[in-house]
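Examination of the molecular architecture
Given next are the chains, with one letter for each unit.
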Amino acid sequence: MKGWNNWYKVSQRVKRQENYIRDITNFENNNYLINQKIDENLDYEFHQNECFSLAQLIESMKCGFIKIYKGQVLIIILEVLKHLQQLHQKRLSHGKLKPQNIFIQLKNEKDNKLTIIQSLITIQKVYFINYRIIDDVEYEINYSQDVYDIIDCCIELIQAYSNTLCELLLLIINNLNQYKNNIVEGDIYKVLQFIDLLIKECVDQENQKFNAQTTSTIQCQEGEEYNMISKRSRYSTIFITKFLDVICSQSVDCELGLQNDSKENRIDQYVQYIDTNLLKQEELPIFKIFESIIRQQMMKIIWKNYGEFLESRQQEHDSKCEEIVKIINKRNKYILDNHLICILNEYNNIKNINDEIKEDIEQNYKFNIVYDEQKAKDQFILELKVQAQNYDFNNIQAFINNIKNQVKYELQEYYNQILELEMLHLDDDLI
């Protein structure tokens, strides 16, 4: 997305054998997969200036921050469907297809970016992440579920036009629901054909908009209010791009202060929220994860507030940016003072989970098992990375509980394996 020079980091735990992982990674050939050696997790870092998730696109469209033609939505849907079809042709399925697990990479060209005014786009590649076959050992290939899930994703993307859902889009949603309610194996081809035919009949390939002539019998407005590329709209694009450049260059552990300089749009940092020098070395990875979480929260704040500003037709960009910076500062400080501290406390009290497992095991067995605190801490950080994508500012306790429950589950699996070995050794001794 234009102007957002940030990295979106995603991790997934690995539970399957290496051959399953190899099949998926070979198929995806994901340029944003950063760990060459696959051990306990897959780590991705998506550059937000060139790659975005379908969930991010949907949210930014709903906020009015990103403007794309309705014809372009069908083009995106077609590319996503093609990627799923190719996956199924490899005799693989995903199992967890939802907007946050689908990423779109745009071709690296000067003006090929999503922005607050509409422009032509060229899709370079589609990526799926967080395959269920990778982290769930009991998962079995299920093509029909994938088709069901991808249709839901398509409908959710179309419904991002909540204020301008024309008759044609409603007709498309109705047809997609009919496919969803009557899925049989191989239906991905039927859905793909349906969208492909729509594009050929209804979308002008040169400007990626709905063709007024071919849709004349069905009410369809491309959103004329978006096409008024006025001086104000162009200035807004330049202004918000500079603003984002400055925001992205700042540290999240300090208060931001906006200087009213329309040329430079400078931000100075004043009050330090947290002194990272006081953190223990082993706590720094937790702060880095929260840094990524905070930057995603900052993005959402800017989408919502600047999108509302553009829809209101107001003119005072400087005062709006000052307001946005204040909201960001308040949110960042709260996350660092409260949510980060809660997570650090849980991390430093991880021994409690080991003690619970030890108590459960020793009710029935008396073996000399070492309950490794460092193992528990490493597992906690891994689960925090995995769950970071699901962070909910308004429900931190559920976020913490999910991490702790998964840590306990993984540790129980680990110690149960040790217990089984101890019992085998005992049997051998008795023999």
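Definitions and limits used
Residues numbered from 1 in each chain as written. Predicted model: local features only at pLDDT ≥ 70, side-chain atom pairs only at ≥ 80, totals over all residues. Heavy atoms only, no water. Pairing = 2+ DSSP bridges. Helix = DSSP H or I, 4+ residues; strand = E, 2+ residues; numbered from the N terminus. Axes fitted to C-alpha atoms, helices over the stretch in contact; angles between N-to-C directions. Patch = residues over 30% accessible without salt bridge, like charges linked within 9 Å, V, L, I, M, F, W, Y side chains within 5 Å. Areas by Shrake-Rupley, 256 points an atom, 1.4 Å probe, with all protein chains shown as cover. Salt bridge = Lys/Arg side-chain N within 4 Å of Asp/Glu carboxyl O. Lys, Arg positive; Asp, Glu negative; His and termini not counted. Charge placed at Lys NZ, Arg CZ, Asp CG, Glu CD. Buried < 20%, exposed > 50% of the residue type's maximum accessible area, 1.4 Å probe, protein only. Parallel < 35°, antiparallel > 145°, perpendicular 65-115°, else oblique. Left-handed = near helix turned anticlockwise from the far one by under 90°. Contact = heavy atoms within 4.5 Å. Nonpolar A, V, L, I, M, F, W, Y, C, P; charged D, E, K, R; others polar. Core = buried A, V, L, I, M, F, W, Y, C linked by side-chain atoms within 4.5 Å. Domains from an automatic or database assignment.

The name given to the protein in an unreviewed UniProt entry is Protein kinase domain-containing protein, with the source organism recorded as Paramecium tetraurelia.

1. A few points about the sheet that holds strand S5 (residues 123–128)
Strand order in the open sheet formed by 3 strands is S3-S4-S5, and the pairing between neighbours is antiparallel. For this open sheet the edge positions go to strand S3 (51–53) and S5, each flanked by a neighbour on one side alone. Adjacent strand axes in the sheet meet at a mean angle of 20°, parallel and antiparallel pairs treated alike. Note: S3 against strand S4 (residues 102–106), 3 bridges, orientation antiparallel. Looking at S4, one finds that Cys51 is bridged to Gln105.

2. Details of a negative patch on the surface
A contiguous patch of negative charge on the surface is contributed by Asp39, Glu40, Asp372 and Asp378. Tracing the chain through its elements places Glu40 in the loop between helix H1 (18–28) and strand S2 (41–47). Assessed through its relative accessible area of 44%, Glu40 is described here as partly exposed.

3. Thoughts on the packing of helix H3 (residues 70–89) against helix H7 (residues 187–202)
Packing of H3 against H7 leaves a shortest axis separation of 10 Å and a crossing angle of 155°. By the angle between their directions, the pair H3 and H7 is classed as roughly antiparallel. Classified by chirality, the crossing of H7 by H3 is left-handed. In this structure, H3 uses Leu74, Ile75, Ile77, Leu78, Leu81, Lys82, Leu84, Gln85 and His88 to contact H7, whose residues at the interface are Ile188, Tyr189, Val191, Leu192, Ile195, Asp196, Leu198 and Ile199. Considering only residue class, the contact of H3 with H7 consists of 13 nonpolar, 2 polar and 2 charged.

4. Here we look at the nonpolar core
The biggest cluster of nonpolar side chains holds 126 residues, and the ones touching the most others in it are Phe46, Ile76 and Ile102. No other element matches the 13 residues that helix H9 (residues 284–312) contributes to this core. A domain split of this core shows at least three residues from each of domain 1 (45–206) and domain 2 (273–430). Contact partners of Ile76, with chain neighbours within four places excluded, come to Leu54, Leu57, Ile68, Ile104, Ile121, Ile123 and Leu157.

5. Describing helix H2 (residues 54–62)
Residues spaced three or four apart along an α-helix face the same direction, because each turn holds 3.6 residues. For H2, the set of buried residues is Leu54, Gln56, Leu57, Ile58, Ser60 and Met61. With its phi angle positive at about 80°, Gly64 sits one or two positions after the end of H2.

6. Side note on unusual backbone geometry
Phi is positive for Arg91, which is not a glycine, with a value near 65°. Residues other than glycine seldom take positive phi values, yet Gln208 does so here, at roughly 60°. Within the secondary structure, Gln208 sits in the loop between strand S6 (203–204) and strand S7 (209–210).

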